[in-house]
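Structure at a glance
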Amino acid sequence: MRINPDFRTVDEVELAIDPRELGGWTDGESTTESELIAKENRTIDAIQAEQPQSFLTRIADEMSPEMMAKWTEFQLSKGRHRGSNDLSLIDEFVHGKPLLWLPQIIGSCVMSNTFRIWVARLMYQIVLLGKSQEYLGRNEFGSSNYSFYGPWSYGHARKKANMRRGDGLYCAPMAWSLMQGVVPCNTPALMRILSDADLDHANDFPEPQGRDGAALYRAFGNWAHIDELESYKDFAVLESPSVKSADQLWDLLLAGKPSFVCSGEAIHKVGEHPDGFPIHARNPRDSWSHNMAFIGAFVASDGERFIRESNESWGEKHIYNRRFDEVEKSFRAGRLTVQAIGEIAGPSSSPPLMG
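This is a predicted model, so every value here is computed, not measured.

**Some remarks on the state of the cysteines**
Considering all chains together, one arrives at one disulfide under this definition. Shown here is the disulfide that connects Cys171 with Cys262, its sulfur atoms set 2.2 Å apart. As the torsion about the S-S bond is roughly 85°, the Cys171-Cys262 disulfide counts as right-handed. Separated by 91 residues along the polypeptide, Cys171 in helix H7 (residues 171–180) and Cys262 in strand E2 (residues 259–272) bring together distant segments of the chain. The same class applies to Cys171 and to Cys262, which are both buried. This cysteine, Cys109, is not joined by any disulfide, and Cys262 carries the nearest cysteine sulfur, 6.7 Å off. Taking the relative accessible area as the measure of exposure, Cys109 reaches 1% and is therefore buried. Free of any disulfide, Cys185 has its nearest cysteine sulfur in Cys109, 19 Å distant.

**Considerations on the pairing of strand E4 (residues 305–310)**
A large share of E4 lies buried, amounting to five of its six residues. Where strand E3 (residues 278–299) folds back on E4, the antiparallel hairpin that results is connected by five residues, among which Gly303 adopts a positive phi of roughly 90°. Judged from the five bridges that link them, E4 and strand E5 (residues 319–323) form a sheet pairing that is antiparallel. If you follow Ser310 over to E5, its bridge partner there is Ile319.

**With respect to the pattern of salt bridges**
Applying the stated rule across the entire model yields 26 salt bridges. Across the pair Glu140 and Lys97 runs a salt bridge, and its minimum N-O distance is 2.7 Å. With Glu140 in the loop between helix H5 (114–128) and helix H6 (150–160) and Lys97 in the loop between helix H3 (90–95) and helix H4 (109–112), this pair connects stretches of sequence that are 43 residues apart. On the basis of relative accessible area, Glu140 is assigned to the buried category, the value being 14%. Residue class for Lys97 comes out partly exposed when judged on its relative accessible area of 37%.

**Remarks on the environment of Asn203**
Inspection of the secondary structure puts Asn203 in the loop between helix H8 (188–196) and helix H9 (210–221). The residues contacting Asn203, other than those within four sequence positions of it, are Leu102, Phe141 and Gln209.

**Overview of the packing of helix H1 (residues 33–50) against H7**
Viewed as axis vectors pointing N to C, H1 and H7 meet at an angle of 25°, and their least axial separation amounts to 8 Å. In terms of axis orientation, H1 runs roughly parallel to H7. Across the interface between the two elements, Glu40, Thr43, Ile44, Ile47 and Glu50 from H1 touch Cys171, Ala172, Ala175, Trp176 and Met179 from H7. Looking at the contact of H1 with H7 residue by residue, the class counts come to seven nonpolar, one polar and two charged.

**Comments concerning the packing of aromatic side chains**
In the structure shown here, the tally under the stated rule is 19 aromatic pairs. Plain terms: the ring middles of Phe294 and Phe331 are 6.5 Å apart, the flat faces sit at 35° to each other, and that makes the pair tilted. Here Phe294 is found in strand E3, whereas its partner Phe331 is found in helix H12 (residues 324–332), with 37 residues between them in sequence. Note on Phe294: relative accessible area 0%, which makes it buried. Here Phe331 falls in the buried class, since its relative accessible area comes to 9%. Taken together, Phe7, Phe277, Phe298 and Phe306 form an aromatic cluster joined through their ring pairs. The ring of Trp250 carries Arg305 above its face, with NZ or CZ at 4.9 Å from the centroid.

**Digging into the nonpolar core**
Core analysis: the largest hydrophobic core is formed by 61 residues, its most contacted members being Ile90, Phe93, Trp118, Leu128 and Leu178. Broken down by element, the residue count for this core peaks at eleven residues, all from H5. Ignoring sequence-local partners within four residues, the contact set of Ile90 consists of Trp71, Ala120, Met123, Tyr124 and Leu128. Leu249, Ile307, Tyr320 and Leu336 belong to the second-largest nonpolar core, a separate cluster that totals 26 residues.

**Thoughts on the side chain of Ser147**
If you trace the backbone, Ser147 turns up in the loop between H5 and H6. In this structure Ser147 touches Trp101, Phe115, Val119, Leu136, Cys185 and Pro206, once residues within four positions along its chain are discounted.

**Some remarks on the side chain of Arg116**
Relative to the helices and strands, Arg116 resides in helix H5. No salt bridge is formed by the buried Arg116, whose closest oppositely charged neighbour, Glu207, lies at an N-O distance of 4.2 Å. The contact partners of Arg116, leaving out residues within four places of it in the chain, are Trp101, Leu102, Pro103, Glu207, Glu312 and Ser313.

Thresholds applied
Numbering of residues starts from 1 in every chain and runs along the sequence as written. Local features in a predicted model are, by the rule used here, given only for residues with pLDDT of at least 70; side-chain atom pairs are given and counted only at 80 or more, and totals for whole chains, interfaces and linings are based on all residues. With hydrogens and water set aside, each side-chain value is computed from the structure's full complement of heavy atoms. When two cysteine sulfur atoms lie within 2.5 Å, the pair is treated as a disulfide. Numbering goes from the N terminus for both helices and strands, where a helix is a DSSP run of H or I of at least four residues and a strand is a run of E of at least two. Only protein chains enter the calculation, and the probe is 1.4 Å; a residue is then buried if its accessible area is under 20% of its type maximum, exposed if over 50%, and partly exposed in between. Paired strands are those between which DSSP finds at least two bridges. Any Lys or Arg side-chain nitrogen located within 4 Å of an Asp or Glu carboxyl oxygen qualifies as a salt bridge. Residue contacts are counted whenever heavy atoms from the two residues lie within 4.5 Å of one another. What counts as an axis is a line fitted to C-alpha atoms, over the stretch in contact for a helix, and the angles between N-to-C directions run from 0 to 180 degrees. Roughly parallel here means an angle under 35 degrees, roughly antiparallel means over 145, roughly perpendicular means 65 to 115, and every remaining angle is called oblique. All residues other than Ala, Val, Leu, Ile, Met, Phe, Trp, Tyr, Cys, Pro, Asp, Glu, Lys and Arg, Gly among them, are scored as polar; the first ten of these are nonpolar and the last four charged. By convention, a stacked pair of Phe, Tyr or Trp rings (six-membered ring in the case of Trp) has centres within 6.5 Å and planes under 30 degrees apart, an edge-to-face pair has planes over 60 apart, and any other such pair is tilted. Two conditions define a charge located above a ring, namely a distance within 6 Å from the ring centre to NZ of Lys or CZ of Arg, and an angle within 35 degrees of the ring normal. We call a set of buried residues a nonpolar core when its members are Ala, Val, Leu, Ile, Met, Phe, Trp, Tyr or Cys and they connect through side-chain atoms within 4.5 Å of each other. Charge assignment in this entry is limited to Lys and Arg as positive and Asp and Glu as negative, and neither His nor the chain termini are counted.

Set out below in structure tokens:
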């Protein structure tokens, strides 16, 4: 089958590196998947007790009829039929081309896959919902890019989880950190730190690159500069409900609220759809202790529903197409810990523009 290029997806799931070499989804203590899932749930319960309002699902804002028509037409041109809301397309809709950020270079998947859907959500609320906010930047790379600085949020969450040394993180502290806010890449105090380290080149944003970049990322992960930059955080996530079923996930995705997901699930190809995209599913013969993201809901030409799962921290085409019913089985089995990213606060600005 020739893959439809409008789906930006990997066909056979072939990995350039063993996932076990990248750390990933861990609390640094649990030895089994069930122990880590239990730790996730206990931590989320504690965070929810601290700030219950952040876990509430807000009534979704609606697009104007004009913007809804443009977005629907764009999705149809990409093979997503009526009833879809695929935020894996939002970067191309807004920026004119996909944002192809570089793969992760340390075990930072909980950050490296999550910042991408955070950007997708901010684009969605600014452009499609017409919120009078401004982006953090308008570029793909450089200090004025669309994203926040990943290493600070990674270290901020690890400090909350009392994690030092080694790579990795789990989802609950990441949710807490995003609820507190993020540090924009062009923050002057951050730029001074990066300039001193010679890691202020365009490709060092939103995540630093190379051996020196990996060392700096790990330094942030060990809490370097976290307190120093705390006062500059902004753009807090105001809405991050825990997702417990595929039905809830579908409704959130239709409302423009993607989710990050931590699990031991590995993914492989199980078939092909006549529309020209591969069909993926959990691989029961493999396991990845990893974070990915549910970024879109789409309807194929035959009416079947699919969930788009982004694993772009492993490469720009690592987006998987999973049947709705297959994702529901993973929820029912209790294999997933999932937090949505809904409304993001931000400073008020002039009316939003595309591009």
